[in-house]
Amino acid sequence: MEKSTFTRWFAVGLLATGVLLWPSLSVSGAAAMGKAKSAPAGDPTDIATIKQLEQDMGNAMVAVDIDKLNQIFADDWATIGESGKIITKERVLNDFKSGKDKLVSFEQGPIYVQVVGDVAVAHGSVTEKRTRDGKDTSGESLWMDLLEKRVGKWVVVRSAGASVESGK
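Throughout what follows, the structure given in this document is the object of discussion. (Residues numbered from 1 in each chain as written. Predicted model: local features only at pLDDT ≥ 70, side-chain atom pairs only at ≥ 80, totals over all residues. Heavy atoms only, no water.)

Quick notes on the pairing of strand β4 (residues 119-132)
Working step 1: Across 13 bridges, the pairing between strand β3 (residues 101-116) and β4 is antiparallel. Its bridge partner being in β4, Leu103 is matched across the sheet by Arg130.
Working step 2: Between β3 and β4, which pair antiparallel in sequence order, lie 2 residues; one of them, Gly117, sits at a positive phi of approximately 65°.
Working step 3: For β4 and strand β6 (residues 139-150), the ladder comprises 10 bridges, and the chain directions are antiparallel. Bridge pairing links Ala120 to Leu147 in β6.
Working step 4: Bridge analysis of β4 against strand β5 (residues 135-136) gives 2 bridges, and the strand direction is antiparallel. Note that in β5 the partner of Thr131 across the bridge is Asp136. (Pairing = 2+ DSSP bridges. Helix = DSSP H or I, 4+ residues; strand = E, 2+ residues; numbered from the N terminus.)

Topic: the environment of Phe106
Working step 1: Following the sequence through the fold, Phe106 ends up in strand β3.
Working step 2: Taking C-alpha positions, Phe106 is 6.7 Å from Val126, a pair spaced 20 residues apart along the chain.
Working step 3: When neighbours within four sequence positions are excluded, Phe106 is seen to be in contact with Gln55, Gly58, Asn59, Val62, Val126, Thr127 and Glu128. (Contact = heavy atoms within 4.5 Å.)

Quick notes on the nonpolar core
Working step 1: One finds Ile50, Leu69, Phe73, Leu147 and Val156 to be the most contacted residues of the largest nonpolar core, which totals 27 residues.
Working step 2: Of all elements in the fold, only α2 (44-63), α3 (66-72), β1 (73-80), α4 (89-98), β3, β4, β6 and β7 (153-163) reach the threshold of two or more residues within this core.
Working step 3: The dominant element in this core, judged by the number of residues it contributes, is α2, at 6 residues.
Working step 4: Ignoring sequence-local partners within four residues, the contact set of Leu69 consists of Met57, Ala60, Met61, Leu93 and Phe96. (Core = buried A, V, L, I, M, F, W, Y, C linked by side-chain atoms within 4.5 Å. Buried < 20%, exposed > 50% of the residue type's maximum accessible area, 1.4 Å probe, protein only.)

Digging into the environment of Asp101
Working step 1: Examined against the element boundaries, Asp101 turns out to sit in strand β3.
Working step 2: Relative accessible area serves as the criterion here: at 10%, Asp101 is assigned to the buried category.
Working step 3: Sequence separation between Asp101 and Lys135 is 34 residues; the distance between their C-alpha atoms is 9.5 Å.
Working step 4: Apart from the residues within four sequence positions on either side, Asp101 is in contact with Asp95, Phe96, Arg130, Thr131 and Arg132.
Working step 5: Only 2.8 Å separates the side chain of Asp101 from the side chain of Arg130, close enough to count as a polar contact. (Polar contact = N/O pair within 3.5 Å; in protein donor to acceptor, adjacent residues only side chain to side chain.)

Laid out in structure tokens, this is it:
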């Protein structure tokens, strides 16, 4: 299996695992703490804030607003790229600054958020018009972000994503 194919399947598996296991972990955690069997999704204010943060992230990428992206991504943020290598916050910010990565436009699908204390997971889909290294990489993707509330503010600490292949 090619490395990029493996990476895509790994990302899809990670997304599926997070989507499937997160609610069950929340329910079992709530039950263990003596709460209702059906755990709530979290504080509606936190959920709205996280959904807005996800939208703001895309807007900042389009505008190449490095200061805003610097606030959204935690200093220890990381993800795994299609090559299988770890990508850091510093690299992402540099790639946007230099124009190596350019998000021209995007449209978010529904965003789903689960909050447990100071940790949250958000996932959804996005359709993007994007270039990387001068090559068109536009298309639809599935994504998942792990967020943490640090000093009263939500920041993205980990991300995973996978391109949705059309039936070509």
